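Descriptive structure summary
So the chains spell out like this:
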Amino acid sequence: MKISYHGHSVVKLETEGKTILIDPFITGNELTDLDASVQNPDVILLTHGHNDHVGDTFDIAKRCNPLIVAPNELAVYLGWQGFSTHGMNIGGSHTFDFGTVKYTQAFHSSSYTTNQNEIIYTGMPAGILFTAEGKTIYHAGDTSLFGDMAIIGRQNSIDVAFLPIGDNFTMGPEDAAAAVELLNPKVVVPIHYDTFPPIRQDPQTFKDLVVNHEVNIMTAGDSLEL
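Residues numbered from 1 in each chain as written. Predicted model: local features only at pLDDT ≥ 70, side-chain atom pairs only at ≥ 80, totals over all residues. Heavy atoms only, no water.

Right, let's get into the overall build of the protein. On a plain count of helices and strands, the protein comes out with six helices and 16 strands. Whereas a compact globule of 226 residues would reach a radius of gyration of roughly 17 Å, the protein reaches 16 Å, a difference of no more than 12%. Expressed along its principal axes, the backbone C-alpha trace of the protein runs to roughly 45 × 40 × 30 Å. Within the protein, the fraction of its 226 residues that count as buried is 54%. (Helix = DSSP H or I, 4+ residues; strand = E, 2+ residues; numbered from the N terminus. Rg over C-alpha atoms; globule rule 2.2 N^0.38 Å. Buried < 20%, exposed > 50% of the residue type's maximum accessible area, 1.4 Å probe, protein only.)

Two measures describe an aromatic ring pair: the distance that separates the ring centres and the angle between the ring planes. Per the counting criterion, the structure on display carries eight aromatic pairs. When the ring of Phe58 is compared with that of Phe83, the centres are 5.7 Å apart and the planes differ by 80°; the resulting orientation is edge-to-face. Here Phe58, found in helix H2 (residues 57-64), pairs with Phe83, found in the loop between helix H3 (72-80) and strand E6 (85-88); they are 25 residues apart in sequence, far enough to count as distant. The residues Phe58 and Phe83 share a single accessibility class, namely buried. Three or more aromatic residues joined by ring pairs form one cluster here, namely Phe58, Tyr77, Phe83 and Tyr112. (Phe/Tyr/Trp six-rings, centres within 6.5 Å; stacked < 30°, edge-to-face > 60°.)

Further remarks concern the sheet that holds E6. If you walk across this open sheet you meet the seven strands as E6-E5-E4-E3-E2-E1-E16, and the pairing is mixed. Edge positions in the open sheet fall to E6 and strand E16 (223-225), since each of these has one partner strand only. In this sheet, neighbouring strand axes are inclined to one another by 20° on average, regardless of whether the strands run parallel or antiparallel. Alignment of strand E5 (residues 67-71) against E6, held across four bridges, turns out to be parallel. (Pairing = 2+ DSSP bridges. Axes fitted to C-alpha atoms, helices over the stretch in contact; angles between N-to-C directions.)

Let's shift gears to a nonpolar patch on the surface. Nonpolar side chains collect at one region of the surface, where Ile90, Tyr121 and Met124 lie side by side and expose about 310 Å² of accessible area between them. Note on Tyr121: relative accessible area 55%, which makes it exposed. (Patch = residues over 30% accessible without salt bridge, like charges linked within 9 Å, V, L, I, M, F, W, Y side chains within 5 Å. Areas by Shrake-Rupley, 256 points an atom, 1.4 Å probe, with all protein chains shown as cover. Salt bridge = Lys/Arg side-chain N within 4 Å of Asp/Glu carboxyl O.)

Residues Ile3, Leu45, Val69, Val101 and Phe130 are the most contacted members of the largest nonpolar core, which totals 27 residues. Secondary structure elements with two or more residues in this core: strand E1 (2-5), strand E2 (11-15), strand E3 (18-22), strand E4 (43-45), strand E8 (99-105), strand E11 (126-132), strand E13 (160-164) and strand E14 (187-191). The biggest single contributor to this core is E11, with four residues. The contacts of Leu45, once residues within four sequence positions are left out, are Ile20, Leu21, Ile22, Asp23, Val69, Val101, Ile128 and Phe130. (Core = buried A, V, L, I, M, F, W, Y, C linked by side-chain atoms within 4.5 Å. Contact = heavy atoms within 4.5 Å.)

Taken across its five residues, E14 has five buried, putting it largely inside the fold. With burial as the criterion, each face of E14 is covered, one bearing Val187, Val189 and Ile191 and the other bearing Val188 and Pro190. The pairing of E13 with E14 spans five bridges and is classified as parallel. By the bridge assignment for E14, Phe162 is matched with Val189. The handedness of the E13 to E14 crossover, carried by helix H5 (residues 173-183), is right-handed. Relative to strand E15 (residues 214-215), E14 is paired through two bridges, and the arrangement is parallel. Following the sheet pairing, Val188 is matched in E15 by Val215. (Right-handed = clockwise from strand over helix to strand, strands pointing away.)

Taken as a whole, H5 has its buried residues at Pro173, Ala176, Ala177, Ala179, Val180 and Leu183. Looking down the long axis of H5, one finds its buried residues gathered within 155° of arc, a one-sided arrangement. Of the surrounding secondary structure, the elements contacted by the buried residues of H5 are strand E12 (135-139), helix H4 (149-155), E13, E14 and helix H6 (203-209). Just past H5, the residue Asn184 takes up positive phi, approximately 55°. (Arc of directions from axis to C-beta.)

And the structure:
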């Protein structure tokens, strides 16, 4: 499995002959290395409905019709736009031909803002546990620290965890470091920082707070193999 990071919360997975994009916020993301117009994923996984996570889903889906897996209300809304969707909910898992997806809790909010300044409710926000090739990836989405991360850590052998550290809208470095202790991943990657002024952070601060776990500070385009 090849895993690459592309700024903000954008993660690309290449596994089982499929390309998967998580939260493809590309256009308007000054930290990304991607060009949305040439992305042709087989699958898009969404954690919640905020525009900086749904991102380029609409344009990509119009061009190459990937399967969009999302929390149920968001999946229904995207289905109304004519896209191929699979709705899920927190605690539920489903095995696809590209791997198993399970949605976890995330303490945040979730809505999509249209060009007409209409706010569309898109259900509960979530994190994603993705398992393929015997490896488990945890993308926490946007969330605060919560105690049940300990349960997620006990029930899953997490190879790589992507955790927000930006503060203001999500966990900051201190709470994210506490989350690492609960989740016990083999490797943790900080995400959701530096994109906007309110979430400016030095990821080294987060790394310095984490003990007994490997922290991989990835920049856009960096990848790792599992």
